[in-house]
Amino acid sequence: RVCENLSTLNLWSNSILDLGAGLLSLTLRPNPEGVLGLRGLRSLNIAYNGITDIGAGSFAKVLRENSTLETLDLSNNDLGSEGVRGLTEALAFNSSVTRLVLNPKP
């Protein structure tokens with residue numbers, strides 16, 4: 001199944017953690033298998049969700065093949081340098097993301 005009508009998803013402060021981030025990232029793949037695909041999603045806010053480098057790595061993999069997401073907000077999570085590096089390296093393969101928010105926790 002593919003959902004093409006949802007353009008913005010705000011899951012701010014929902015305790016998604018790395019497991020949820022991994023599952024959510026699967027929905028952003030161009031041809032998701034076994035999960036609802038969010039093919040039309042342009043903006044995803046998953047700030048304040050306890051996501052670490054592991055969850056960031058899940059999104060880094062997907063960003064290499066996703067061509068619709070424009071904004072990804074991972075601010076105020078628990079990302080380290082490895083997670084940030086993976087995300088920024090993935091952007092070299094992505095032409096749709098124009099805004100990646102990585103503000104650290106206060």
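Refer to the preceding data block for the structure.
Visitor: Could you clarify how one ought to interpret the sheet that holds strand E3 (residues 71–73) in this entry?
Guide: What links the strands of a sheet is backbone hydrogen bonding, and the strands pair in either a parallel or an antiparallel sense. In spatial order, the strands read E1-E2-E3-E4; together these four strands make up an open sheet with parallel pairing. Each end of this open sheet is capped by a strand with a single partner; those strands are strand E1 (8–10) and strand E4 (99–101). Here the average twist between neighbouring strands, direction ignored, is 0°. Bridging between E3 and E4 involves three bridges; their strand directions are parallel. By the bridge assignment for E4, Thr 71 is matched with Arg 99.

Visitor: Please explain the packing of helix H1 (residues 17–26) against helix H2 (residues 53–63) as it appears in this structure.
Guide: Two packed helices can be described by the angle between their axes and the distance between those axes. The interhelical angle for the contact between H1 and H2, taken along N-to-C directions, is 10°, at an axis separation of 8 Å. In terms of orientation, H1 lies roughly parallel with respect to H2. Of the residues in H2, those touching H1 at Asp 18, Ala 21, Gly 22, Leu 24 and Ser 25 are Ile 54, Gly 55, Ser 58, Phe 59 and Val 62. Across the contact of H1 with H2, the residue classes break down as five nonpolar, four polar and one charged.

Visitor: Looking at this model, I keep getting lost on the environment of Thr 68. Mind explaining?
Guide: On the secondary structure map, Thr 68 appears in the loop between H2 and E3. Each C-alpha atom of the pair Thr 68 and Ser 7 lies 9.4 Å from the other, and the pair is 61 residues apart in sequence. What Thr 68 contacts, discounting residues up to four positions off in sequence, is Arg 39, Leu 41, Arg 42 and Ser 96. Of note is the side chain of Thr 68, whose polar atom sits 3.3 Å from the backbone oxygen of Leu 41.

Visitor: Even after reading the chapter, I still don't get the pattern of salt bridges, so can you show me in this structure?
Guide: One side chain can pair with another of opposite charge once the charged atoms of both are near each other. Inspection of the entire model under this criterion finds two salt bridges. A salt bridge links Glu 65 to Arg 29; the nearest nitrogen and oxygen atoms lie 3.1 Å apart. With Glu 65 in the loop between H2 and E3 and Arg 29 in the loop between H1 and strand E2 (43–45), the pair connects residues that are 36 residues apart, well separated along the chain. Overall, Arg 29 belongs to the partly exposed group, its relative accessible area being 34%. Among the ionic pairs, Arg 42 bridges to Glu 70, the shortest N-O distance being 3.8 Å.

Visitor: How should the packing of aromatic side chains be read in this particular structure?
Guide: Each aromatic ring pair is summarised here by two numbers: the centre-to-centre distance and the angle between the ring planes. For the structure on display, the rule yields one aromatic pair. Summarising the aromatic geometry, the rings of Trp 12 and Tyr 48 are spaced 5.3 Å apart at their centres and angled 70° between planes, so their arrangement reads as edge-to-face. Here Tyr 48 lies in the loop between E2 and H2 and Trp 12 lies in the loop between E1 and H1, a separation of 36 residues in the sequence. Taking relative accessible area as the criterion, Tyr 48 reaches 36% and is therefore assigned partly exposed.

Scoring rules and cut-offs
Residues numbered from 1 in each chain as written. Predicted model: local features only at pLDDT ≥ 70, side-chain atom pairs only at ≥ 80, totals over all residues. Heavy atoms only, no water. Pairing = 2+ DSSP bridges. Helix = DSSP H or I, 4+ residues; strand = E, 2+ residues; numbered from the N terminus. Axes fitted to C-alpha atoms, helices over the stretch in contact; angles between N-to-C directions. Parallel < 35°, antiparallel > 145°, perpendicular 65-115°, else oblique. Contact = heavy atoms within 4.5 Å. Nonpolar A, V, L, I, M, F, W, Y, C, P; charged D, E, K, R; others polar. Polar contact = N/O pair within 3.5 Å; in protein donor to acceptor, adjacent residues only side chain to side chain. Salt bridge = Lys/Arg side-chain N within 4 Å of Asp/Glu carboxyl O. Buried < 20%, exposed > 50% of the residue type's maximum accessible area, 1.4 Å probe, protein only. Phe/Tyr/Trp six-rings, centres within 6.5 Å; stacked < 30°, edge-to-face > 60°.

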